[in-house]
Amino acid sequence: MLTVVFAGLRDRWTALLGGFVALALGVGLLVVMGVGLSATGRAPERAPERFASSPVVVQGQDHLSVEVRRGPETTVVDAPLDRPQPVDTELLRELRARWTVTVAGGPDAVGVDAPAGAVRALAGTRARVLTGDERRLADPGAGHDAQARVTLDALLGTAGGVSAFVSVFVVASTFAFAVALRRREYGLLRTAGATPGQLRRMLLAEAACVGVLASAAGCLLGARGAPWLARALVDGGVAPDWFPLAVRDGGTSWPFHAAFWTGVTVALAGAFAASRRAGRIGPAAALREADVDTDVLPLGRALLGAVLLLGGLGLLVWTYATEPSELLKRKAYTTQPMPLITGAALLAPLLVRPAARAVRLPGAVGMLVRENGAAAVRRTAAVAAPVLVTVALAGTLLGSAATVTGAKAAEAAGQTRAAYVTTGTALPRPTGPGASATGATSVFVRDGEEALVKYGARVVADPAAWASYARLPVLAGDPRDLDDRSIVVNEEFERHTVGETVEVWRADGRGPVRLRVAAVLARGTGSNGPYVTWANAPGATVDRIDSDRPAPVPVPGGTVRSAADWAAATHPTTTPQTRLGLLLVLGIALVYTVIALANTLLTATSVRGPELASLRLAGATRGQVLRAVAGETLLAVGIGAVLGLAVTAVCLAGLGGGLAALAAPVALTVPWSQVAAAVGVCAVAATGACALPAWRFTR
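Parameters at a glance
- Residues numbered from 1 in each chain as written.
- Predicted model: local features only at pLDDT ≥ 70, side-chain atom pairs only at ≥ 80, totals over all residues.
- Heavy atoms only, no water.
- Pairing = 2+ DSSP bridges.
- Helix = DSSP H or I, 4+ residues; strand = E, 2+ residues; numbered from the N terminus.
- Axes fitted to C-alpha atoms, helices over the stretch in contact; angles between N-to-C directions.
- Contact = heavy atoms within 4.5 Å.
- Patch = residues over 30% accessible without salt bridge, like charges linked within 9 Å, V, L, I, M, F, W, Y side chains within 5 Å.
- Areas by Shrake-Rupley, 256 points an atom, 1.4 Å probe, with all protein chains shown as cover.
- Salt bridge = Lys/Arg side-chain N within 4 Å of Asp/Glu carboxyl O.
- Buried < 20%, exposed > 50% of the residue type's maximum accessible area, 1.4 Å probe, protein only.
- 1 Å grid on protein atoms, 1.4 Å probe; cavity = no way out; pocket = protein on both sides within 12 Å on 5 of 7 lines; lining within 4 Å.
- Points joined across faces, edges and corners; volume = space filled by probe spheres on them.
- Nonpolar A, V, L, I, M, F, W, Y, C, P; charged D, E, K, R; others polar.
- Lys, Arg positive; Asp, Glu negative; His and termini not counted.
- Charge placed at Lys NZ, Arg CZ, Asp CG, Glu CD.
- Phe/Tyr/Trp six-rings, centres within 6.5 Å; stacked < 30°, edge-to-face > 60°.
- Lys NZ or Arg CZ within 6 Å of the ring centre and 35° of its normal.

A. Representation of the sheet that holds strand β1 (residues 56-59) within the structure. Reading across the sheet, the four strands line up as β4-β5-β1-β6 and stay open at both edges, with antiparallel pairing between neighbours. The sheet terminates laterally at β4 (100-103) and β6 (128-131), the two strands that pair on one side only. Averaged over all pairs of adjacent strands, the angle between strand axes in this sheet comes to 30°, irrespective of strand direction. Bridge count between β4 and strand β5 (residues 109-113): four bridges; the pairing is antiparallel. In the sheet register, Val-103 faces β5, and the bridge partner there is Val-110. Packed onto the sheet, helix α3 (residues 89-98) meets β1, β4 and β5 and runs at close to 130° relative to β4. Helix α4 (residues 116-123) rests against β1, β5 and β6 of the sheet, and its axis sits at about 170° to β6.

Take a look at the structure:
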């Protein structure tokens, strides 16, 4: 058995080359993403700055603790505050009476020159006591590294998921297509006495050999690629400066072990379905000469494709009907298209034949292109499927991101009647008429009895002036009724009926206070309220002033823009960091697609020597043969692009429906330039891969 396996690997290495390269690249990418995730968990511990000379730091409470019900019992949940509370006045007096207290930069924390145990005993639950490296948590930028880790984890996790998804797809397609081309070989083995089980074990042994070698090569590739990716992320502003240092420092070996065994598993899983098909080949296949494909869509593949396609559509409709705001989240619009893409790719053999028949091309070459494309369904589907995946990923990821950010920008621009908007961090409140000042704050609301929800809110200085400048999607009530004992909410609140009472905790964690609902707004893209007055927003400062005319003198610490310029500056279509992350994911998919196309077409065209020679004997010129081969390939690429755009249209339509249900602006954006570039790269790679062997056969 092993002798036959090694002989098959030696003689059929070109058919397995694409799977080897795709798997090695996939393992390399998994190593890179794993090393990156390991690095984010080992962010360098920064030395304390604000209280570097104090052995103990006493910090005001930085979280809100509320008791909620979980089943028959109750538990306490915590929610982070925008900023720590000031140190309790009585506690501060007691600390100063016993030890030396240092105040640095604000009342939220103080340094104490005293034993840590004694300070903890005195503070109890009234404050946090920090010692050692924990003292850095009192520094102003303590949360930056945590936020950077969250962003990097999301990016690297998404890229790793796409790598695994596409690598499984490419490897499975490679082995399936290789089995289709080796039907006569398997038929001869069956004639010689090989059993179906022996054929299955032979193919799985080939896959195991390819998987082990490719995984080992991928681990070496990933070790070299991790520092390069780190530098690219830092240069693009996605990662902080410490990230490349953490990657170069090495770390645990788990990413290499995980990636290696994942690669072997992917190879065996990709070959499993193909091995079952190989085991069903009978001795009569040795006599098969026709190139017309039959049984191109096995029942198992058809059922799986239908389940994924219908399941993806059902999930999209269910999310739209129950929680349309989920469609606007990046996690949703990067994962929900995957079942649709996979289902469409699995059903590609069912779709390519009618699509090829529907194309009308002039001349004898055109007729040959159409008929060959419709007859060789496996070859056409093997070319169309990876193009479908790439086009659909480009259209759904970039299109969804641009649609959501565009809707947010349009919503923000349409919600002010002011001619000018002044922004800054701590602006002075306007004293005269003709201006409306607002700021950022938070409120905490109990959602039923089971959860505590934190809402980013806006604080209003003058409700009458604010209502005159704001153009809000009011569903009920009147925003002008807002006062110190009321709140303006949106539909997302559990209680959103005018006149009802809402129990909220303020931004500093104090409360609860009971506020009457003065008005209800549509949910929108997520920035429609809630709104409160300054009495319910302790510590808030003015960060925006809407006015009819610009300030006569520059506002201290502020930037004055027209409303249109403000909207363009504060709500860009897509941030460079987001764009870089999405392009990284799409670049991975495009590389895999090129590998799949090159492998499929080099292998498929290399066995078409007799067919091309027959065309030459029938009177076709060399140029006509080459044009026919290239035309078949471009037809398959075009079919894949159309199917990918169809998946994109479905996903963007669902997103547009979600925006409409939230009363948000709907302006669907299709990234035509990126889609066209992806299709162009696929067309060039596919045409080159088929033209080279065809040119050699027609010499």
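B. Broad picture of a nonpolar patch on the surface. The grouping of Leu-310, Leu-313 and Val-650 at the surface amounts to a nonpolar patch, some 250 Å² of accessible area in total. Topologically, Leu-313 is positioned in helix α10 (residues 299-322).

C. Quick look at the side chain of Thr-648. One can find Thr-648 in helix α20 (residues 622-661). Relative accessible area serves as the criterion here: at 2%, Thr-648 is assigned to the buried category. With residues up to four places along the chain from it excluded, the contact list for Thr-648 reads Val-391, Ala-392, Gly-395 and Thr-396.

D. Highlighting empty space enclosed by the protein. A full pass over the atoms with the stated rule returns five cavities of 30 Å³ or more. In this model, the largest cavity occupies a volume close to 120 Å³. Forming the walls of the largest cavity are 13 residues, and the residues nearest its centre are Leu-316, Leu-327, Tyr-333, Gln-336 and Cys-651. Put simply, the parts of the chain that give the lining of the largest cavity at least two residues each are α10, α11 (330-335), α12 (337-346), α15 (377-414) and α20. Among the elements that take part in the lining of the largest cavity, α20 stands out by supplying three residues, more than any other. Looking at side-chain class alone, the lining of the largest cavity contains eight nonpolar, five polar and no charged residues.

E. Main features of a negative patch on the surface. There is a patch of like negative charges on the surface, built from Asp-447, Glu-450, Glu-492 and Glu-494. Among the structural elements, Glu-494 can be located in the loop between β11 (486-490) and β12 (501-505).

F. Inspection of the packing of aromatic side chains at higher detail. According to the stated counting rule, one finds three aromatic pairs in the structure shown. Relative to Phe-493, the ring of Tyr-455 lies with its centre 4.4 Å away and its plane at 20°, an arrangement referred to as stacked. Here Tyr-455 is found in strand β9 (residues 451-460), whereas its partner Phe-493 is found in the loop between β11 and β12, with 38 residues between them in sequence. Just as Tyr-455 is buried, Phe-493 falls in that class too. Taking the centre distance of 4.7 Å and the plane angle of 40° together, the rings of Trp-466 and Tyr-531 count as tilted. Residue Trp-466 is located in helix α16 (residues 463-469), and its partner Tyr-531 is located in strand β14 (residues 531-533); the two are separated by 65 residues in the primary sequence. For Trp-466, a relative accessible area of 5% gives the class buried. Between Arg-429 and the ring centre of Trp-534, over which it is positioned, the NZ or CZ distance is 4.1 Å.

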